[in-house]
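Notes for the structure review
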Amino acid sequence: MKKINLGICGAGSILDAYSPALKKNSDRCCVKAVSVDSVKTYKDRIYEKLGRDVEIYEGWEKMMARTDIDAVIINLPHDLHMPATVAAANAGKHVLCEKVMARNIQECSSMIEACKKNKVSLIIGHDRRYFPEWKELKKIIDSGKLGRILFYKLEHNQNVIFPKDSWVYKSERLGGGAIMSCLTHQIDALRWFEGEMDSLACMSVTEPERMEGECIGAIIAKMKSGALATLSINWYTTSNRTRNGLWYELIHVCGTDGEAYFMSDKGTYYKIHDESDKALFEYALPETKTEFIKIEPKLNAASHTVLITEWLKYLNGEESDICTPGTDCIHTVEAAQAAYISRDTCKFVKLPLDIGRLQ
Ligand SMILES: NC(=O)c1ccc[n+]([C@@H]2O[C@H](COP(=O)([O-])OP(=O)(O)OC[C@H]3O[C@@H](n4cnc5c(N)ncnc54)[C@H](O)[C@@H]3O)[C@@H](O)[C@H]2O)c1
């Protein structure tokens with residue numbers, strides 16, 4: 001097994017998820033360098049999270065030029081995902097880019113093209129697809145036990161306030177608002193569970209003291225399969241990351257033969273209907289006899305740890321569960337972009353988008 005030498009662009013909040021993942025995989029990889037926009041600001045944090053052997057650069061150019069680095073992880077503001085990915089690809093490095101892939105499908109296409117031209121891989125860090133509890137939910141859906149899927153409800157709740165000089169506050173840098181930034185977790189999961197959307201409609205709420213883009217957004221989508229989905233993001237509420245808050249993420253899947261759900265910190269559950277549930281549908285209101293059964297994932301690991309483990313196997317040419325290539329995740333950005341078009345034109349939008357007309 002060859003040890004993969006890594007460079008990382010960015011040492012902000014998401015390094016908290018990557019540093020334990022990299023430590024767990026220290027037999028498979030070695031972090032050689034990190035690039036940031038201010039060495040003074042990030043030096044102590046980088047040494048604390050990754051050790052003192054890591055070289056730190058201001059700007060990514062010199063790091064990309066190093067011939068001993070095989071692959072780069074891009075943990076940057078969204079407006080820098082495309083230029084950093086193109087720079088890494090042109091330097092012959094494989095790329096793992098954090099979600100969201102980029103601010104729009106035009107940028108995503110440039111990233112895919114650059115990686116293809118330079119014969120390097122492009123994987124997107126949509127970590128929820130590697131989260132053991134969401135993988136269990138997908139297994140239940142794929143098993144067919146729930147019957148024909150009729151409805152998905154996906155929610156994302158947080159209390160997000162950034163200072164006005166932060167890149168997250170600025171719509172141009174974030175690629176919009178909460179929908180592009182984080183409802184893309186839910187859009188990506190929905191596409192993973194059920195395939196592509198046929199059409200969608202979207203509305204949103206903006207509170208400029210919080211951020212330029214929307215802090216609340218709701219999408220209603222018709223899937224190509226015929227299922228309906230509602231997806232909402234609320235960055236004006238407390239999640240269960242705060243004491244006494246409600247849930248952070250919720251997924252409810254409803255099929256003709258059963259239902260399943262995931263709720264943050266509660267886990268993944270499913271139940272299969274029997275005659276007692278069917279009687280309920282007839283308004284007879286008897287007690288349902290079926291109960292939700294908790295699914296305990298075999299693997300108890302953080303999503304980014306699974307992502308890094310699988311990505312390193314993939315780079316090494318071993319069998320892996322990598323399922324988020326750029327060529328797939330571009331369609332998550334496409335759905336978020338379609339949501340903005342729907343909101344701004346007050347119309348339903350059909351997918352896929354006509355890229356020619358967007359240019
Ligand atoms: N999967 C998740 O749940 C999750 C959670 C948080 C963040 N993220 C994603 O991680 C990425 C980074 O977010 P964050 O919260 O860590 O951001 P952050 O603002 O905390 O950190 C950004 C980092 O980028 C560096 N940077 C900025 N401009 C640069 C430049 N020109 N050259 C070199 N470095 C530069 C900064 O030095 C900083 O270290 C984003 O894509 C975000 O969406 C994902």
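Here the structure is a predicted model, which is why all the values come from computation and not from measurement. (Residues numbered from 1 in each chain as written. Predicted model: local features only at pLDDT ≥ 70, side-chain atom pairs only at ≥ 80, totals over all residues. Heavy atoms only, no water.)

Turning our attention to the overall build of the protein chain. Scanning the protein chain from terminus to terminus reveals 12 helices and 15 strands. Over its C-alpha atoms the protein chain spans a radius of gyration of 21 Å, differing by no more than 12% from the 21 Å that the globule rule assigns to 359 residues. Each of the three principal axes of the protein chain carries a C-alpha extent, and together these read 70 × 45 × 40 Å. By residue count, 53% of the 359 residues in the protein chain fall in the buried class. Counting contacts in the protein chain only where the partners sit at least 6 residues apart, residues at least 24 apart contribute 68% of the total. With an accessible surface of roughly 16800 Å², the protein chain has 52% of that area assigned to carbon and sulfur atoms. One finds the centroid of the 47 positive side-chain charges in the protein chain at a distance of 3 Å from the centroid of its 49 negative side-chain charges. (Helix = DSSP H or I, 4+ residues; strand = E, 2+ residues; numbered from the N terminus. Rg over C-alpha atoms; globule rule 2.2 N^0.38 Å. Buried < 20%, exposed > 50% of the residue type's maximum accessible area, 1.4 Å probe, protein only. Contact = heavy atoms within 4.5 Å. Areas by Shrake-Rupley, 256 points an atom, 1.4 Å probe, with all protein chains shown as cover. Lys, Arg positive; Asp, Glu negative; His and termini not counted. Charge placed at Lys NZ, Arg CZ, Asp CG, Glu CD.)

The full set close to the ligand counts 23 residues, and Ala 11, Ser 13, Asp 37, His 78 and Trp 167 are the nearest of them. In the environment of the ligand, an oxygen atom lies 2.7 Å from a nitrogen or oxygen atom belonging to the side chain of Trp 167. About the coverage of the ligand: the protein hides 81% of its 850 Å² of free accessible area. A per-class count over the shell around the ligand returns nine nonpolar, nine polar and five charged. (Near = heavy atom within 4 Å. Polar contact = N/O pair within 3.5 Å; in protein donor to acceptor, adjacent residues only side chain to side chain. Nonpolar A, V, L, I, M, F, W, Y, C, P; charged D, E, K, R; others polar.)

Looking now at the domain arrangement of the protein chain. Looking at the assigned domains, one finds that the protein chain contains domain 1 (4-125) and domain 2 (129-301 + 335-342). Between domain 1 and domain 2, the C-alpha centre-to-centre distance is 29 Å. Buried surface at the junction of domain 1 and domain 2, both sides included, amounts to about 950 Å², of which 51% is carbon and sulfur. Salt-bridge contacts for Arg 103 lead to Glu 172; the nearest nitrogen and oxygen are separated by 3.6 Å. Linking domain 1 with domain 2 are six residue pairs in polar contact (both at pLDDT 80 or more). Looking at the side of domain 1 that touches domain 2 residue by residue, the class counts come to five nonpolar, three polar and three charged. (Domains from an automatic or database assignment. Buried area = accessible area lost by both parts, 1.4 Å probe. Salt bridge = Lys/Arg side-chain N within 4 Å of Asp/Glu carboxyl O.)

What follows concerns the pattern of salt bridges. Applying the stated criterion to the full structure yields 22 salt bridges. For Glu 318, the salt bridge is made with Arg 28, and the minimal N-O distance between the two is 3.1 Å. Of this pair, Glu 318 sits in the loop between α10 (303-315) and α11 (326-345) while Arg 28 sits in the loop between α1 (15-24) and β2 (29-36), placing them 290 residues apart in sequence. Owing to a relative accessible area of 15%, Arg 28 belongs among the buried residues under this scheme. The partner of Arg 173 in a salt bridge is Asp 79, with the nearest N and O atoms 2.9 Å apart. On the criterion of sequence distance, the pair formed by Arg 173 in helix α7 (residues 171-174) and Asp 79 in the loop between β4 (71-74) and α4 (81-90) is long-range, its members being 94 residues apart. Exposure remark for Asp 79: the relative accessible area of 15% places this residue in the buried category.

Turning to the sheet that holds strand β14 (residues 293-295), a few remarks are in order. Strand order in the open sheet formed by nine strands is β14-β13-β12-β11-β7-β10-β9-β8-β15, with mixed pairing between adjacent strands. Single-partner strands in this sheet number two, and they are β14 and β15 (349-350). Relative to strand β11 (residues 249-255), strand β7 (residues 149-157) is paired through seven bridges, and the arrangement is antiparallel. Residue Leu 154 lies in a different strand from β11, and its bridge partner there is Ile 251. Where α11 meets the sheet, it contacts β8 (197-205), β9 (216-223) and β15, and its direction lies at approximately 60 degrees from that of β8. (Pairing = 2+ DSSP bridges. Axes fitted to C-alpha atoms, helices over the stretch in contact; angles between N-to-C directions.)

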